[in-house]
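Listed here are the chains, written in short residue letters.
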Amino acid sequence: MDYTKHYIARVQKLIDQLPTESVLLLKSAEAKIRSNDTEYGYRQNSDFYYLTGLEETDLFLVIKKTSAGAESILFCKDSDTMEIQWVGPRLGVEGMKQTKQFTDVFSLDALTFKMLALLQGAKQIYFDFGASPSWHKQIMDWINTLKSKNRKGATSPDTLKDARKILHEMRLFKQPEEIVLLQKAADISCQAHIRAMQKTKPGMMEYALEAEYIHEFYAQGARSPAYTSIVGGGENACILHYVNNNKKLVDKDLVLVDAACEYQYYCADITRTFPVNGQFSAPQQAIYELVLAAQVAAINIIKPGVAFSDIQDKVLDIMVQGLLDLKILQDDKQGIIQKNLYQPFYMHNSGHWLGIDVHDTGEYKVDNQSRKLAPGMVLTVEPGLYFSSLLLKNTHLDPKWLGIGIRIEDDILVTELGHKNLTEAAPKTISDIQHLMSQ
Ligand SMILES: [Mn+2]
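These figures come from a predicted structure and were not determined experimentally.

1. Comments concerning the packing of helix α10 (residues 282-300) against helix α11 (residues 308-325)
Okay, so step 1: Two elements in contact, α10 and α11, have axes separated by 8 Å at closest approach and are oriented at 150°. By the angle class used here, α10 and α11 are roughly antiparallel. When the axes of α10 and α11 are compared, the crossing they make is right-handed. Residues Leu-290, Ala-293, Ala-294, Ala-297 and Ala-298 of α10 form the contact with α11, whose participating residues are Ile-311, Lys-314, Val-315, Ile-318, Met-319 and Gly-322.

2. Side note on the sheet that holds strand β17 (residues 378-381)
Okay, so step 1: Across the sheet, three strands lie side by side as β17-β20-β21; this open sheet has antiparallel pairing. The open sheet has two edge strands, β17 and β21 (419-421), and neither has a second partner. Within this sheet the neighbouring strands show an average axis-to-axis angle of 30°, counted without direction.
Okay, so step 2: Here strand β20 (residues 410-414) pairs with β21 via three bridges, running antiparallel. Across the sheet, Ile-412 pairs through a bridge with Asn-421, a residue of β21.

3. Some points on the nonpolar core
Okay, so step 1: The biggest cluster of nonpolar side chains holds 105 residues, and the ones touching the most others in it are Leu-61, Ala-185, Val-255, Cys-261, Met-319, Leu-385 and Ile-406.
Okay, so step 2: The greatest single-element share of this core, amounting to nine residues, is contributed by helix α8 (residues 176-199).
Okay, so step 3: Here this core spans two domains, and each of domain 1 (4-171) and domain 2 (173-438) adds at least three residues to it.

4. Quick word on the packing of α8 against helix α9 (residues 206-219)
Okay, so step 1: α9 packs onto α8 with a crossing angle of 145° between their chain directions and a minimal axis gap of 9 Å. Handedness of the α8/α9 crossing: right-handed. For the pair formed by α8 and α9, the contact residues are Ile-188, Gln-191, Ala-192, Arg-195, Ala-196 and Lys-199 on the first element and Leu-209, Glu-212, Tyr-213, Glu-216 and Phe-217 on the second.
Okay, so step 2: Split into classes, the residues belonging to the contact of α8 with α9 amount to six nonpolar, one polar and four charged.

5. Regarding α9
Along an α-helix, residues three or four apart share an orientation, since each turn contains 3.6 residues.
Okay, so step 1: Counted at 1.5 Å a residue, the expected span for α9 with its 14 residues is 20 Å, and the 20 Å between its end C-alpha atoms agrees.
Okay, so step 2: Within α9 the residues assigned to the buried category are Glu-206, Leu-209, Glu-210, Glu-212, Tyr-213, Glu-216 and Phe-217. Viewed end-on, α9 has its buried residues packed into an arc of 145°, placing them on one side of the element.
Okay, so step 3: At its buried positions, α9 is contacted by α8, β9 (224-225), β10 (230-233), β11 (254-258) and β12 (261-263).
Okay, so step 4: One or two steps after α9, the chain reaches Gly-221, where phi turns positive at roughly 90°.

6. Concerning unusual backbone geometry
Okay, so step 1: Of note, the phi angle at Asp-58 is positive, near 60°, even though the residue is not glycine.
Okay, so step 2: Assignment of secondary structure puts Asp-58 in the loop between α2 (46-52) and β4 (60-66).
Okay, so step 3: Residue Asp-58 is classed as partly exposed on the basis of its 14 C-beta neighbours within 10 Å.
Okay, so step 4: One non-glycine residue, Gln-264, lies in positive phi territory at about 45°.
Okay, so step 5: In this structure, Gln-264 sits in the loop between β12 and β13 (266-267).
Okay, so step 6: You can call Gln-264 partly exposed: it has 16 C-beta atoms within 10 Å.

Reading the values: the criteria
Residues numbered from 1 in each chain as written. Predicted model: local features only at pLDDT ≥ 70, side-chain atom pairs only at ≥ 80, totals over all residues. Axes fitted to C-alpha atoms, helices over the stretch in contact; angles between N-to-C directions. Helix = DSSP H or I, 4+ residues; strand = E, 2+ residues; numbered from the N terminus. Parallel < 35°, antiparallel > 145°, perpendicular 65-115°, else oblique. Left-handed = near helix turned anticlockwise from the far one by under 90°. Contact = placed C-beta atoms within 7 Å. Pairing = 2+ DSSP bridges. Core = buried A, V, L, I, M, F, W, Y, C linked by C-beta atoms within 7 Å. Buried ≥ 20, exposed ≤ 12 C-beta atoms within 10 Å, placed from the backbone. Domains from an automatic or database assignment. Nonpolar A, V, L, I, M, F, W, Y, C, P; charged D, E, K, R; others polar. Expected span 1.5 Å × (residues − 1). Arc of directions from axis to C-beta.

And the structure:
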């Protein structure tokens, strides 16, 4: 699919929000070394990709807005013979011009000379605060060069502004063409969870189960997990960011898998917890039903106007009541919630924004109030309960709960009328999971 018109529209929408006499600067991500002289697979800077869809290094995007109008300018590199031989050709100046995405395209060789001309007369510079120290320094060097020429009549900008404030708000509201890609990432990830449930058996290594996910991602064209997969059998499920994935899956244990793919830069994020041998024990079932009830109830309140924090409140309302019913907690429900007495078992938030970054951009508070949901936002809902033997062994907790760790996570799109669960194809009821695993 040709997304060029969408990138042009995003740049235009950004221009609309810039004051006149301003220049916005963005730089592509650099290749990152993994070991000695070999690199990680390249991933473009998320903001740069959002505006351009380009996957090359050594790109500079300049957007200049004056009272006379606005222009978008790309600086890029042409490949040399050696580069074509070893890593293949770049689009180059002519190739970039043919996309007709930018007002003008120049060679990187002209960067400093042209940049000083572009910055001349601008009152403010927007760039991505915190992107990298060398990028900050580069921008300050350009400004200082201009300042040194002020006796010759050059004027330099006097205000620096964070481009991310604008870009990250834009990225929070997903456009239809983005939702298509998020759904695709979600669909592939759901199929990976189904494949994994079908392959799981006692004695299997956690990394072998992880391999089933990676297989499904790659086979369907998603060339990377959206984040390092968490595959934790038994007690390991209680370690929130367990990524060693190197233990054996044991009969009668549960396995928690937090794994999903990135498809054309859009992420899914799914957690499922299922029994290694295909059948939940009674204590596992009791905790699972509680987490699931809290997750479903929380998803069901999602619609425009609901506050982000209402989701966690709903989770706590259901889970704390359930923990009281199971005699894991005692006394007064509101007191437990106010004093955070549930935290030995549930110590994280209900979820996060999802998009080009798995923990996507966008403020969670506006004017110090929890953000109200609106159509186009995509978020995860992922309550969990964890009974770590290491942390809870000297408490009065009934030992039958120890070693159980359960999280259930789906990806939810806020729609005009309510919400859509993008990941509902991954089984999560006990009967659906046990049925699938018995086949
Ligand atoms: Mn998540």
